[in-house]
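# Observations on chain architecture
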Amino acid sequence: MPIANIHVKQDHIGGGFGSKFAPDSWGQVGAFLSQKAGGRPVKLFLDRATEQTIAGNRPSAYAKIKNRGHEGWHRHGVAVGIVGHRRIHRRRFATLPYIIDTIPNQRLHHTSVSVNAGPNRAWRAPNNQQASYLTCSALEDFAAKIGMDPLEVFTKNVAYAPSSRVETYRYQLQKAAEIAEWKKLWHPRGQGRHRRGEARYGLGFSAWGGGGHQSQCRTTINPDGSVLVEIGTQDLGTGTRTIITQVVAETLGLPMAGSS
């Protein structure tokens, strides 16, 4: 059968996270058991109680936020981690205010509260959700109190984001408002009536670190003119395969239609 007639469908299954955790004690136990079994695979499973006690929990955050200042606290477990030969307490906490952190005059007070639980662990963008929700809720509340459109308040405040990102955030806010028909569908807090199932509009922003890095792919041009691209990456539903196809199509001057 010609290779061009073969189509493979691969659904997004998620789960592409957590690979950067330390092996932890149970991982080491699994490795030792495998070694004793002559290198055979070993499955080690923590029950729910053990998982919640020693394997870590989602970071928490609480804050009382005022204009240009906040008092906050968060919970963390008592477990320690190993970095090199040093034992360190894993004390992750949300950074507030979130994104708009170049305000000239601030008063910040943060307390870390130890509890009898596993350490804070990364559960999808650790601390970003908490910090984003606390900061953006305060901006929304402020906008409601002064009777201003939150979109305008957010747009003004992103001036205090890192300078390299200010214009990007402004563009993203305006584009999001355009797509969501913000001017048409949003109404001031306490005004208008909502029916069951009707959307209530609010604003929020977030950021995540990381960046591009070097990689390689294998590209094969088949006798029939079709192109096969093989690259060691994954797509969690964020469009990775689409972007790779766009790069190849633009580089080789080919249409994207019919790609898979």
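Quantities reported herein were computed from a predicted structural model and do not represent experimental measurements. (Residues numbered from 1 in each chain as written. Predicted model: local features only at pLDDT ≥ 70, side-chain atom pairs only at ≥ 80, totals over all residues. Heavy atoms only, no water.)

### Overview of the nonpolar core
- Counting 23 residues, the largest nonpolar core has Ile99, Leu139, Leu151, Phe154, Trp182 and Phe205 as its most contacted members.
- Elements with a minimum of two residues in this core: helix H3 (128-146), helix H4 (150-157) and helix H5 (166-179).
- The element contributing the most residues to this core is H3, with 5 residues.
- Ignoring anything within four residues of it in the chain, the contact list for Trp182 reads Asp149, Pro150, Leu151, Ala177, Tyr201, Gly202 and Leu203. (Core = buried A, V, L, I, M, F, W, Y, C linked by side-chain atoms within 4.5 Å. Buried < 20%, exposed > 50% of the residue type's maximum accessible area, 1.4 Å probe, protein only. Helix = DSSP H or I, 4+ residues; strand = E, 2+ residues; numbered from the N terminus. Contact = heavy atoms within 4.5 Å.)

### As for the confidence of the model for the protein
- On average, residues of the protein carry a pLDDT of 80, and 79% of them reach 70 or more.
- Counting interchain partners and residues more than four positions distant, the pLDDT-below-50 stretch residues 79-92 has 30 contacts. (pLDDT = per-residue confidence, 0-100.)

### Some points on the packing of H4 against H5
- Interaxial distance between H4 and H5 falls to 9 Å at its minimum, and their mutual angle equals 165°. Classified by the interaxial angle, the pair formed by H4 and H5 is roughly antiparallel. Remark: the crossing between H4 and H5 carries right-handed chirality. Seen from H4, the contacting residues are Leu151, Phe154 and Thr155; seen from H5, they are Arg170, Leu173, Gln174 and Ala177.
- Residues of the contact of H4 with H5, tallied by class, amount to 4 nonpolar, 2 polar and 1 charged. (Axes fitted to C-alpha atoms, helices over the stretch in contact; angles between N-to-C directions. Parallel < 35°, antiparallel > 145°, perpendicular 65-115°, else oblique. Left-handed = near helix turned anticlockwise from the far one by under 90°. Nonpolar A, V, L, I, M, F, W, Y, C, P; charged D, E, K, R; others polar.)

### Topic: the pattern of salt bridges
- Under the criterion given, the structure shown has 6 salt bridges.
- The partner of Glu178 in a salt bridge is Lys175, and the shortest N-O contact between them spans 3.4 Å. With Glu178 and Lys175 both in helix H5 and 3 residues apart, this pair spans about one turn of that helix.
- We classify Glu178 as exposed; its relative accessible area is 54%.
- With its nearest N and O atoms 3.9 Å apart, the salt bridge here joins Glu181 to Lys184. (Salt bridge = Lys/Arg side-chain N within 4 Å of Asp/Glu carboxyl O.)

### Let's talk about the packing of H3 against H4
- Running from amino to carboxyl end, H3 crosses H4 at an angle of 125°, the nearest separation of the two axes being 9 Å. As far as their axial angle goes, H4 and H3 are oblique. Note that H3 runs across H4; the crossing there is right-handed. Along its contact with H3, which presents Cys136, Leu139, Glu140, Phe142 and Ala143, the element H4 presents Pro150, Val153, Phe154 and Asn157.
- The class makeup of the residues in the contact of H3 with H4 is 7 nonpolar, 1 polar and 1 charged.

### Focus: unusual backbone geometry
- Backbone geometry at Ile99 places phi at a positive 70°, although glycine is not the residue there.
- Along the chain, the position of Ile99 falls in the loop between strand E4 (86-89) and strand E5 (107-114).
- If you check the backbone angles, Glu181 has positive phi at about 55° while not being a glycine.
- The topology assignment puts Glu181 in the loop between H5 and helix H6 (182-185).
- Look at Glu181 and you get partly exposed, because its relative accessible area is 41%.

### Side note on a nonpolar patch on the surface
- Together, Met1, Ile3, Ile6, Val8 and Leu228 make up a nonpolar patch on the protein surface, roughly 560 Å² of accessible area in all.
- Mapped onto the fold, Leu228 is located in strand E7 (residues 227-231).
- Take Leu228: its relative accessible area is 34%, and that puts it in the partly exposed class. (Patch = residues over 30% accessible without salt bridge, like charges linked within 9 Å, V, L, I, M, F, W, Y side chains within 5 Å. Areas by Shrake-Rupley, 256 points an atom, 1.4 Å probe, with all protein chains shown as cover.)

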